[in-house]
Amino acid sequence: MRTTLLLLALLCTQGPAPEAPPRAAAFLDVREGRLPLVLSAPHGGTEKPSAAPDRSSGVTTLDVGTRELALAVADELERLLDARPFVVTTTLHRSKVDLNRAADDATDGEGLGLEVWREYHAALERATAAARKLRDGRALVLDLHGHAHEEPQVELGFALDAKQLELDDAALARERWFGEELV
């Protein structure tokens, strides 16, 4: 009995157990969808946990409002179509991980940022594969970004190079994109 009381007293005086380091999944917001559409917002996170070291190079600024925009678009599509797109965002700040870079550049190659990078890309691949199953192997992935240009404009990226952008409509219609002919 005395030993039990001593153990209880010892446990009560030690203070709280140390916190476990955060896991990558805590910084991902992945939402399932029912449309062949994936919304990605890789630079909209605001959390800066000390467990993730700051990146030493590259762009480290927040794309203001892109995460919120992705979620608002998903909500509006659900209201209009009674179905949501897939959504993959992060709450981790870009100063900790840049999800549009190779892993080493994105995180200085280590730590929690690298784990988030891996989990984010795995989630994006799963969402894209699920979205493609809904429409004969086709889906649209929209990667939302902000910019700091002085001109108030919206920019669209098409993953096309300058030579492809110079093609006329007839040539574009003959090109093969991602293994499928555009017609």
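A brief structural summary. What you see is a predicted model, and the numbers here were worked out from it, not measured in a lab.

Our focus in this paragraph is unusual backbone geometry. At Asp 82, a position not held by glycine, the phi torsion is positive, near 60°. Within the element layout of this structure, Asp 82 appears in the loop between helix H2 (66-81) and strand E3 (86-90). Under the relative-accessibility criterion, Asp 82 is labelled exposed at 57%.

Relative to the helices and strands, Thr 91 is located in the loop between E3 and helix H3 (103-107). Residue contacts for Thr 91: discarding those within four places in its chain leaves Ala 26, Phe 27, Gly 45, Thr 46, Glu 47 and Arg 67.

A word on the environment of Leu 77. Note on placement: Leu 77 falls in helix H2. Taking the C-alpha atoms as reference points, Leu 77 and Leu 35, 42 residues apart in sequence, are found 9.4 Å from one another. Dropping the residues within four chain positions of it, Leu 77 is found in contact with Leu 35, Leu 37, Asp 82, Ala 83 and Pro 85.

Attention now moves to the environment of Gly 45. Relative to the elements of secondary structure, Gly 45 occurs in the loop between strand E2 (37-41) and H2. Distance from Gly 45 to Val 97, taken between C-alpha atoms, is 9.8 Å for residues 52 residues apart in sequence. Each residue touching Gly 45, except ones within four places of it in the same chain, is listed here: Leu 62, Thr 90, Thr 91, Leu 92, His 93 and Arg 94.

We now examine helix H4 (residues 111-133). In this model H4 runs 34 Å from its N-terminal to its C-terminal C-alpha over 23 residues, within 8% of the 33 Å that 1.5 Å per residue would give. Residues of H4 that are buried make contact with strand E1 (28-31), E2, E3 and H3.

What counts, and where the lines are drawn
Residues numbered from 1 in each chain as written. Predicted model: local features only at pLDDT ≥ 70, side-chain atom pairs only at ≥ 80, totals over all residues. Heavy atoms only, no water. Helix = DSSP H or I, 4+ residues; strand = E, 2+ residues; numbered from the N terminus. Buried < 20%, exposed > 50% of the residue type's maximum accessible area, 1.4 Å probe, protein only. Contact = heavy atoms within 4.5 Å. Expected span 1.5 Å × (residues − 1).

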